Structures are given as structure tokens and as C-alpha cells.
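Chain by chain, the residues run as shown.
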Amino acid sequence: STSTTTGKQIIRGKLRALPSSSNNNYNRGNANNKSKANAFVTCDRGLLVRDVVIQNDVDRNRALDGDFVFVELLDDDDGGEVVNNDEDQKQRSKDVTMGEFMDQLNLNDDEISDSCRAEMESDGDIQEEEEEGGRWHDDEVQMKLWDPVLNLRKKSKKQNSNVEGGDNISNEANGERQYSGRVICIVPTSGAGGQQASEFKPEDESYKKQIPKRTIVGTLSRLPDGNRYLLVPNNKCLPRFMCPAGTKEVEEEGKDDANADEIVEKSRMLYQAEYVFGSWSSMSKWPPCTNVRKLCGSCNVEDETNALLVENGVDHGDFPAAVLRDVDKAVKSGRFLENNKSSDGAVEKDMGWKPTEEMCRGRRDYRNHRIFTIDPTTAKDLDDALHVTPLPDGRVEIGVHIADVSHFIQSGSAVDQEALRRATTVYLVNDVIPMLPRPLCEIACSLNENVERLAFSVVWRMNLDGTLSKKGRKGKNKPKAEDEIWYGRTVIKSCARLDYATAQNIIDGKVATGEPQADETFWPKSRQPTGGHTIDQVAADVRLMHKVAMARRQLRFGNGALALNGIKLAFQLEDDGETPKLCAPYPIRDSNRLIEEYMLLANYFVAQRLITHAHGRALLRNHSPPIELGMQSVVDVSKEALNFDIDTTSSSTLQASLSRLSRECDDELVVQCITESLMTPMKPAEYIAAGELAEEDWHHFALNIPYYTHFTSPIRRYPDVIVHRLLQATIDDNVDEFPQNQGEIHSAAGHCNDKRMAAKKAQERSDRVFLSLYLKKNPITSTLGVCLSVGEKTFTVFVPKLGASIKVFVQEHEDCFETNAYTDDGGKRHIVISPKTDAVPGMQQSDDDTEPSWKSLNIGVFTKLEVACTCKARPPIDVRVKVVGPWKE
């Protein structure tokens, strides 16, 4: 936190813009419109509990969704008010260079206003929070479940408060003020390319040599004058962009030679352009874009996949030659040719890999242990394996063995830099964009069955009831040697590659129940154990692990863990690998949950080790509490519509409320809709360096634990690679020599957060593309939809059959219905629709066939609707939902 020379308080954070309600029209004339907020900024340095509200476009000052911005907090006298004065608007939205901005800052902490210090940094407040939140060691069940070494402060309800949205920008709920503010400087994100301006050396203008840019994907829209075009982004949180003079739609080129069908096809084109940061003048209504060019067509898998990769910045392309040379050098010594039989019985030579004696030296040898993997059926990059060993004292030893990726990737090498740039593997419906080249992710690192592999392992002991071993003490707080959690590098040899379906068959007793030979319908031959291990032994291990995991899972959710699992669709494709022929919810089985429980524990143990040994450098994954106002909206709706109270005080009370709702409510759909609504205000978990945040902010809200990290998937997540390196440094006792300091680790974590979010958006977009194409071929003329929220000109409908929430536009129904939107006395929005004629598609007629069976429908939250689901014809492709009428049970 800093202040300007005028005494105004300054914070920095990422701006999140709300989707436009006017088709991406960034309207600079609504400065006095205080009916709803425009955007929000979360302070990235932890000094403000609540998001800062950006009330209108003038205060937003040309910042785009996702930009890092400096925001000047408004005083009570300002109150977010904007004087309707041209000079005032010019002054506030003027172009500010980094140098000018830094000149205004006062970095002397002594100058921070007393009121801000009292609100943000008061020792008295911290003491009150500690008393209210307590400490983790005070929770007896948590001690049994997690046995945390560190007795950290719990995050209190007061600290949890986080409001986004609403009209009252000076809300004093729970004693924490929510500020409004105005953007005074924009700092391009690291993902924008180019060099970044220095906050502390404004005279250094070398960053100007490579100006950061942002790629925009969308469609062209001709302005009324017919001479210029706007680029309308697919991302509804972005404004429209003014294209350069001379820009033409593809359909105009060769129009005379094209037939009607070709012109229609050309009108489905998607375009790509670049926005140069800082190029939007304060006098321009729209930001300019450059290098506008045709990207691809639309409404087919290849083009839509190309577009979503470009739009989300994950179109990584092939691996550079230097990266492939690094990989070849890393795996070369372990390569060998092996004989494999093809489907027709012919012997083929394949390139295999095994560790050399030199690689195995100094590692704990687990090659003779009964270790196996459980993964999705089609998985190729197997990065985790497990073992379980019953102990004489009635406990079990659990081992989690993770691919030792960091052995092959030297810090700072070409492959390391490329892995950091990509940061994560991107999983699409029909393709995988890997973080690492195939020789690593599918061969040398993948923990395939019946081959030796290098691993990084965590081994611990626990009780059959799912709790951790109570440590016997020798002297002062010292656990017995056998109760110590062991971390270290290993060499393993997996005996079986199980998939979730096979593991579930074992758990359900469909196979391996004493029969001399397993039924291959339930346990395929290719997935049966090798290396002298029997199916009965592996089956016994799976069932024992399941027993312990389910007991632990029940305890976790009884003590505050939260699960808001939406429906994930799975697609079965035709032989062409593109056309979806089947669409169904992806099943989550106990076999999935079994793996989850042990991966959670391994990640938790590693986080604890890093905090105690790597201190501020520890790379953690925290999860902040949800946005309180969004949660309160769901609470209010639940009370009004169902007369059911949801307690959102903590993850524990929220999960208890959902469990009680499931027991007391006969309508499973209601529970589904409440769960879907609660997912909206949830914040994403993020990677951080521990030293950059206060200890209570390490907390993971959904898991309800004091700290957590990611250790178990280094093949597909770069943060796990850093965690492996840090963990080895704690074992070698050379953390001080680690090549990255705390700030550099936090910066890398921020980049990984951005890339993970981009990958998530790409994956969700891929799902939506394939769902749209499925509906294009298999339209749904009538199904149930439930309204989740109502806006001014739109409402969101949850379609259980698709497991998706779709925004419905009132404008698209004007041909069939008269519409009227209003707000009731309680402040709740409604949209009333009435059929214009008797010929509404899908509407049933009464017996005399002269009057429709319904005359009007009042759409509010939880209103059940009969809807039709089809594919939107023009780009960008999407699911289109139209209301048919009221739902009839």
C-alpha cells in the first residue's frame, strides 16, 4: 500500500470486469450511472479484505478485464461520486506514464494515513481476530485428521468477509470497509509479452522496445456509416475494438465470384487482432486494435479449437529444437529397444527407457513393493502410484510415489523455461496440449507398469479409521522414528495399470473374489498385475485403501471440507475424432475418491515440510473464502423460495447446510441448483510464496486446512516441479542456495495462476464447442430448465440434462413473446413473458384449440421452465436455449 503526494491511498491488483449487458459496448457516457458496479479490483498484497469497486467506465479509465492496475481509493467525500463535468472527466481519465505515476507516489510507510493503518494493520484487530478465529491446534477433530505441526491462527469470519458487487460501496458489514476507487495506472500482465515497466525505476524505459500486446478473437461488425468495422470479442467482459481504416470482411473479397452458400460460409469467419497496451486514447470511445486478420472459420471442430487456443493464449505450437535437444540429452542414457507384439502377433521394436545404475544410486528401492496406478482409461502420462502395507499394530503404511520430473529438467534449461512458459497441460475434448515433450511425459517420466521408473515419494503411517497416527513422544515433542513422515527420491516398478472402472469393479466385488481366473470383462488382461504379484493381492490392497480412504473422507466432510461438484460432461467421438456421437455426465466413483484422499494427504505433508524448512520460499496453494455478497444472494433465495437456512459462516457450516438440505429436500434438482448457484461466488485457488502472505492467508477454504500445495502432478503442472526442487533442497539442507528467492517464486506462481486459468477457460470452451456440435446434430426440443438468476435483459437457466448453465437473451424471444422486466418490492428481478400468438413452438393448446394453455409466465429464481436446446448458428458457436413455456410436472 502506498499513497500519492495528495494523500490518496493506492492499492494494486487485478481488475475483473463484469460482462457487458449491451453486447460488449463500452459506454463512456455512463459516469453517473451508479445502479450497478462496472468492475472490481482485488488487492494483491493482502491489505484490503474486500474488493475495491470500480463504479463506472470513467473510473475504470480504459483498463481491460485481467489488467493489473493501480487504484486510487476514494475518500468518504468522494463516495464514488463523479462530477458531471467534462474537465473533471478529462483530468481523471488522462494518460499517465509510469514515470509520472511513480513521481506521485509516496513510498514512505510513515505517510500512510492513520485511518488506513487503523483499518488495515491494527495490532488490536489482529488480537481480536485471533480470539475469534482461534488456532488450528484447538480443533480436536482437525488434530486427528491432519495433525498439523504448525499451530497457526485460523482465518476468522471477520477476515473472511469479501463482497463483490452491490450499490453501497461503503458497506460496513463485519466491520470491514469496502472502498470504491478509480484506476490511475495500468501495468500489463506478464502474459502480455514484451518487457514490463519498472515500479521503482521509472526512468528505465527499455520496456518500450517491446510493447506488450494482447490477442483478441471475435467477429466483425460494420458501423452504421458503412466505412469502419468493430471487432466484437468472444470474451463478453471485453469492450468492442475499433479496427483500422481499410479493414474488410472476408465475404467482401471476391463477393462477385461467390455463390450464396459461399457468402454464408464466409460470414462465419472469426478474426484475430492485437491490442497494444496504452494505445487507447482518453478521447476515444473504443480501444483500437491492429493487425486484424482472418483467423479461421467457425461451427466446426478444427476451426473452433484453433480459435479457443489463440483466444486463451495456449496455442503453444511445437516444442523448439533446443527443448527437444535438452530432453534427448536427459533421457538418452536410459534408452533401449524392446520387443512388443502388435495386434496381429507381429513383433515390433519400440523405444523403451529404464534408469541406469548411476540414476538409482542413493535412492530408496521400492522395486519389489506392490505398487500400482489408478487413472482414467485413456491416460498416457501416469504421474502417481501408490502402495499400502498392513502393519502389525493394526495401522497401515501408505506410500505415494510421484514421477521424478525434476530429475530430468535442470533449472534454467531450455526445457525448464518452456515448461514454465506453458505452466500446465491443456486438456481438450479431442486433444492434449502437453507441458512437456512426449519423450518425458509419456515415456521416461510416466509410471508405466512393469518398468522401472524414478520417483519422488512420501510415505507415512495412519489408522484404519482414516486418522493420522498419534505420535508417541520421546522427550520434548519428538515423534518416534517409525512415525516420522518420510520424503525422498526412490526407484519403483509398478505392477499394474488399473483404471477407475476396473478399480471400482474390485471395490464392488465384481471380480477377484476367490475365482481362479479374473473375468476380463471386469478386469482386462492388459490391466492385471505382473512381476509375481497376484490379482488377489492387488485386489486386497485396493479394498484396504478404499476402506481407509472412505473412513477418512467421511471425517473430512464432517469437519468442514466442502465439495461443490458440478456436472462434468464426457463425449464419445466418431471414428474421425471430431464428431460427437454421445454426450453423458462423467461418472465420479469411489475409485476416484480413493485416489483423491491420498493425493490430498501427500500434498498437505509436503506443504508442511516446505513451510518448516523452506520458510518464505515455500510454494503453497491457498484458497480464499468466497465473495460474501454472492453467497448472501443464494442464502436469501434459499430462504425465500424453500424456507431453508444456509449457513455460510465457514466451509464447515456450508457443507453441513448442504448435507442437511440433501436429507430434508425430496427434490434432488433443488439441491443441484443450490450447488450450482454456490459455485459462482467461489474464488479460484491460487499458488503463492508463503512469505508473501500472512500465515492465516495460507488457509485452504474448501479443504478446511491451514496449508496445502501441489506435489502430485509434475508432468502436467509446473508449480509441482518447483515444489519437488524445494522439497529436495530441504532434504539436502541447502535451501539458502536455491536458485529462486521468495519474490521470484511468488512471481512464477502468479504466472502459473494466469496460465492455469487460461487452460481452464480453454478446456471449458472446448466442452461447450462439442456440446454445441452435439446439439446441432441432436437438438433437444423439450427439456427441463431452472432459472438461477435474472438480469435486466437476460436470465441464466440451468439445464440438468446438459449439466450446464446457459445465459438466455430476452431479445431472442421477441418474435414469440411479449416481455416485461420489473423489480419487486424486495429488490428481486423478474421477467414476465406472454405468448404473442397461438403458434408458439412447442406450446400445448387447450381443448377448444383457440386459447394457449398458458397466458403468462413470471420468471424468477428457481422458476421451472420448459426449454429447447439447439446450437447457435453464427460465430462464436454456442448452446442456444429458448423458452417454450412453463414446466409441467
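This one's a predicted model, so the numbers in the text were calculated from it and none came from an experiment.

Scoring rules and cut-offs
- Residues numbered from 1 in each chain as written.
- Predicted model: local features only at pLDDT ≥ 70, side-chain atom pairs only at ≥ 80, totals over all residues.
- Heavy atoms only, no water.
- Helix = DSSP H or I, 4+ residues; strand = E, 2+ residues; numbered from the N terminus.
- Buried < 20%, exposed > 50% of the residue type's maximum accessible area, 1.4 Å probe, protein only.
- Contact = heavy atoms within 4.5 Å.
- Areas by Shrake-Rupley, 256 points an atom, 1.4 Å probe, with all protein chains shown as cover.
- Core = buried A, V, L, I, M, F, W, Y, C linked by side-chain atoms within 4.5 Å.
- Expected span 1.5 Å × (residues − 1).
- Pairing = 2+ DSSP bridges.
- Axes fitted to C-alpha atoms, helices over the stretch in contact; angles between N-to-C directions.
- Salt bridge = Lys/Arg side-chain N within 4 Å of Asp/Glu carboxyl O.
- pLDDT = per-residue confidence, 0-100.
- Disulfide = S-S within 2.5 Å.
- Phe/Tyr/Trp six-rings, centres within 6.5 Å; stacked < 30°, edge-to-face > 60°.
- Lys NZ or Arg CZ within 6 Å of the ring centre and 35° of its normal.
- Patch = residues over 30% accessible without salt bridge, like charges linked within 9 Å, V, L, I, M, F, W, Y side chains within 5 Å.
- Lys, Arg positive; Asp, Glu negative; His and termini not counted.
- Charge placed at Lys NZ, Arg CZ, Asp CG, Glu CD.
- Parallel < 35°, antiparallel > 145°, perpendicular 65-115°, else oblique.
- Nonpolar A, V, L, I, M, F, W, Y, C, P; charged D, E, K, R; others polar.

J.: Can you walk me through the overall build of the chain in this structure?
T.: Assigned secondary structure in the chain consists of 21 helices and 35 strands. In the chain, which comprises 889 residues, the share counted as buried stands at 52%. Put simply, 69% of the contacts in the chain that link residues at least 6 apart link residues at least 24 apart. Only carbon and sulfur atoms are counted for the fraction: they give 46% of the accessible area of the chain, which is about 40400 Å².

J.: I keep staring at the nonpolar core and nothing clicks. Help me out?
T.: In globular proteins that are soluble, nonpolar side chains generally tend to be buried together. Membership of the largest hydrophobic core comes to 107 residues, with the highest contact counts inside it found for Trp460, Trp523 and Tyr598. In terms of residue count, the dominant contributor to this core is helix H16 (residues 590-614) (14 residues). Tryptophan 460 has contacts with Val396, Glu397, Ile398, Val400, Leu468, Ile485, Tyr598, Leu601, Ala602 and Phe605, leaving out every residue within four places of it along the chain. Counting residues in hydrophobic clusters, the runner-up holds 37 residues, among them Cys583, Tyr774, Trp854 and Val867.

J.: Mind showing me how you'd approach helix H19 (residues 668-679) here?
T.: The α-helix advances 3.6 residues per turn, and as a result positions three or four apart in sequence lie on the same side. In this model H19 runs 17 Å from its N-terminal to its C-terminal C-alpha over 12 residues, within 8% of the 16 Å that 1.5 Å per residue would give. Most of H19 sits out of view: 9 of its 12 residues are buried. When we look at burial in H19, the residues that qualify are Leu669, Val670, Val671, Cys673, Ile674, Thr675, Glu676, Ser677 and Leu678. If you follow the buried residues of H19, they end up packed against helix H17 (628-642), helix H18 (651-664), strand S28 (780-790), strand S29 (794-799), strand S30 (804-809) and strand S34 (864-871).

J.: How should the sheet that holds S28 be read in this particular structure?
T.: Strand pairing in a sheet relies on backbone hydrogen bonds. The paired strands run either parallel or antiparallel. Judged by pairing direction, the sheet is antiparallel, and its 5 strands sit side by side in the order S30-S29-S28-S34-S35 without closing on themselves. Lying at the two open borders of the sheet, with one neighbouring strand each, are S30 and strand S35 (879-886). Ignoring which end each strand starts from, the neighbouring axes of this sheet average 45 degrees apart. In the sheet, S34 pairs with S35 via 7 bridges, with the strands oriented antiparallel.

J.: Can you help me understand unusual backbone geometry in this one?
T.: Keep in mind that most residues, glycine aside, have a negative phi and that most peptide bonds are trans. Of note in this structure, arginine 62 is not a glycine but carries a positive phi near 70 degrees. If you trace the backbone, arginine 62 turns up in the loop between helix H1 (57-60) and strand S5 (68-73). You will see that phenylalanine 862, though not glycine, has its phi angle at about 75 degrees, which is positive. The residue phenylalanine 862 is located in the loop between strand S33 (857-859) and S34 in this model.

J.: Mind showing me how you'd approach the pattern of salt bridges here?
T.: Between side chains of opposite charge, a pair can form as their charged atoms come close. For the structure on display, the rule yields 39 salt bridges. With a shortest N-O distance of 3.8 Å, glutamate 640 and lysine 828 are connected by a salt bridge. Of the two residues, glutamate 640 is situated in helix H17 and lysine 828 in the loop between strand S31 (817-823) and strand S32 (829-835); the sequence distance between them amounts to 188 residues. Each of Arg553, Arg556, Glu596 and Glu597 takes part in one network of salt bridges that share partners.

J.: Would you mind showing me how to read helix H15 (residues 535-558) here?
T.: With 24 residues, H15 ought to run about 34 Å at 1.5 Å a step, and its terminal C-alpha atoms sit 34 Å apart, in line with that. Positive backbone phi, approximately 110 degrees, marks glycine 560, located one or two places after H15.

J.: Just checking my understanding: could you explain the environment of lysine 793 for this structure?
T.: Checked against the element boundaries, lysine 793 lands in the loop between S28 and S29. A relative accessible area of 58% places lysine 793 in the exposed class. Distance from lysine 793 to phenylalanine 809, taken between C-alpha atoms, is 6.3 Å for residues 16 residues apart in sequence. Ignoring anything within four residues of it in the chain, the contact list for lysine 793 reads Val808, Phe809 and Val810.

J.: Explain the sheet that holds strand S9 (residues 229-233) here, please?
T.: Strand order in the open sheet formed by 5 strands is S10-S9-S8-S11-S12, and the pairing between neighbours is antiparallel. Lying at the two open borders of the sheet, with one neighbouring strand each, are strand S10 (241-242) and strand S12 (290-296). As judged from the 6 bridges shared by strand S8 (residues 213-222) and strand S11 (residues 270-276), these two strands associate in the antiparallel manner. For threonine 215, the partnering residue across the bridge sits in S11 and is glutamate 274. Together, S8, S11 and S12 form the strand contacts of helix H9 (residues 301-311), whose direction differs from that of S12 by roughly 145 degrees.

J.: Teacher, can you tell me more about the confidence of the model for the chain here?
T.: When pLDDT is low, close inspection of the predicted coordinates is not appropriate. Within the chain, residue pLDDT values average 82, and 79% of them lie at 70 or more. In this model, residues 80-93 is a region of pLDDT below 50 whose contacts with residues beyond four sequence positions or in other chains number 26 contacts. Residue range residues 260-264 is modelled with pLDDT below 50. Its contacts to residues more than four positions away, or to other chains, number 4 contacts.

J.: What am I meant to see in the state of the cysteines here?
T.: Cysteine pairs can be linked by a disulfide, which is a covalent bond between their two sulfur atoms. This structure, assessed with the given rule, holds 0 disulfides. A disulfide-free cysteine, cysteine 871 has its sulfur positioned 5.9 Å from the sulfur of cysteine 299, the nearest such atom.

J.: What exactly am I supposed to notice about the packing of aromatic side chains here?
T.: Given two aromatic rings, their pairing is described by the distance between the two centres and the angle made by the two planes. Inspection of the entire model under this criterion finds 10 aromatic pairs. Taken together, the aromatic side chains of Trp146, Trp460, Tyr604, Phe605 and Tyr707 make up a single cluster linked through ring pairs. Note that arginine 364 overlies the ring of tryptophan 486, its terminal NZ or CZ placed 3.8 Å from the centroid. The ring of tyrosine 687 carries arginine 621 above its face, with NZ or CZ at 4.5 Å from the centroid.

J.: Where do I start with a negative patch on the surface in this structure?
T.: Together, Glu302, Asp575, Asp576 and Glu578 line one region of the surface with negative charge. Relative to the elements of secondary structure, glutamate 302 occurs in helix H9. On the accessibility criterion, glutamate 302 (59% relative accessible area) is exposed.

J.: For this particular structure, what's the right way to read the pairing of S11?
T.: Consecutive residues of a regular strand have side chains that alternate between opposite faces of the sheet. Of all 7 residues in S11, 7 are buried, a share of seventy percent or more. As judged from the 4 bridges shared by S11 and S12, these two strands associate in the antiparallel manner. Looking at the pairing, leucine 270 lines up with cysteine 296 of S12.

J.: Which parts of the structure should I look at to understand the packing of helix H14 (residues 500-507) against H15?
T.: Helix packing geometry: the angle between the two helix axes and the distance between the axes. Closest axis-to-axis distance for the H14/H15 pair is 9 Å, and the angle between their directions is 85 degrees. In this view, H14 runs roughly perpendicular relative to H15, as classed from their interaxial angle. On H15, the residues touching Ala503, Ile506 and Ile507 of H14 are Ala539, Val542, Arg543 and His546. Across the contact of H14 with H15, the residue classes tally to 5 nonpolar, 1 polar and 1 charged.

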